[in-house]
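Inside the fold
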Amino acid sequence: MKTSEKGINLIKNFEGLRLKAYLCPAGVLTIGYGHTGGVKPNQFITKLGAELLLETDLLFPEKAVNELVKIKLTQNQFDALVSFTFNVGTNAFKKSTLLKIINTGTFKLKDVEIQLMRWVRDGQGRILQGLVNRRKKEFKLFEGVENV
């Protein structure tokens, strides 16, 4: 599967577009829509450049979700998991209880919500409202609510 326009828009909304390199809350140089690879201080890109980086960056979480999830997903579920994986990283998704629960094939939506909401803290353990908001939107998308 590939991320739909709805999933891409969710990611763009939460990542935001920054055309000049900046330090994200984790202290990592970032540019565009959350791109971190090879970013240099004071680097600038265009909006088109940011779109192209996002297109490439999405390949990794898409591959992870496609390979690691062993059940058939809806497009909304796939998009929600790609957004989550884009944010936390493929390694974290691979090791997550969220993935284990989904792969049972008999998961309850409440269990998915609980697992998503475990991922709302920064490196110092502080809850970040932006991550709380993102996880809520990802869950709404996962459960099939159309207007996320």
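Residues numbered from 1 in each chain as written. Predicted model: local features only at pLDDT ≥ 70, side-chain atom pairs only at ≥ 80, totals over all residues. Heavy atoms only, no water.

Turning our eyes to something else, we now look at the packing of aromatic side chains. Scanning the entire structure with this criterion turns up 3 aromatic pairs. Arranged with centres 6.3 Å apart and planes meeting at 75°, the rings of Phe84 and Phe93 form a pair that is edge-to-face. Summarising the burial analysis for this pair, Phe84 and Phe93 share the class buried. Following the ring pairs from residue to residue traces out a cluster consisting of Phe84, Phe93 and Trp119. (Phe/Tyr/Trp six-rings, centres within 6.5 Å; stacked < 30°, edge-to-face > 60°. Buried < 20%, exposed > 50% of the residue type's maximum accessible area, 1.4 Å probe, protein only.)

A word on the pattern of salt bridges. All chains considered together, the criterion is met by 10 salt bridges. As a salt-bridge pair, Arg134 and Glu15 come within 2.7 Å of each other at their nearest N and O atoms. On the criterion of sequence distance, the pair formed by Arg134 in helix H8 (residues 129-142) and Glu15 in helix H1 (residues 5-15) is long-range, its members being 119 residues apart. The residues Arg134 and Glu15 share a single accessibility class, namely buried. Two residues, Arg134 and Glu138, come together in a salt bridge whose shortest N-O distance is 3.1 Å. (Salt bridge = Lys/Arg side-chain N within 4 Å of Asp/Glu carboxyl O. Helix = DSSP H or I, 4+ residues; strand = E, 2+ residues; numbered from the N terminus.)

A separate point is the nonpolar core. Where a protein is soluble and globular, its nonpolar side chains tend to be buried together. Within the largest apolar cluster, 30 residues are counted, with the highest numbers of intra-cluster contacts made by Val65, Val69, Leu81, Phe93, Leu98 and Ile102. Elements with a contribution of two residues or more to this core: H1, helix H2 (47-57), helix H3 (59-68), helix H4 (75-88), helix H6 (97-103), helix H7 (109-116) and H8. The element contributing the most residues to this core is H4, with 6 residues. Setting aside residues up to four positions removed in sequence, Val69 forms contacts with Ala64, Leu81, Phe93, Leu99, Ile102 and Asn103. (Core = buried A, V, L, I, M, F, W, Y, C linked by side-chain atoms within 4.5 Å. Contact = heavy atoms within 4.5 Å.)

Attention now moves to unusual backbone geometry. For residues besides glycine, phi is generally negative; the peptide bonds are generally trans as well. One non-glycine residue, Asn42, lies in the positive phi region at around 65°. Here Asn42 is to be found in the loop between strand S2 (29-32) and H2. Taking the relative accessible area as the measure of exposure, Asn42 reaches 56% and is therefore exposed.

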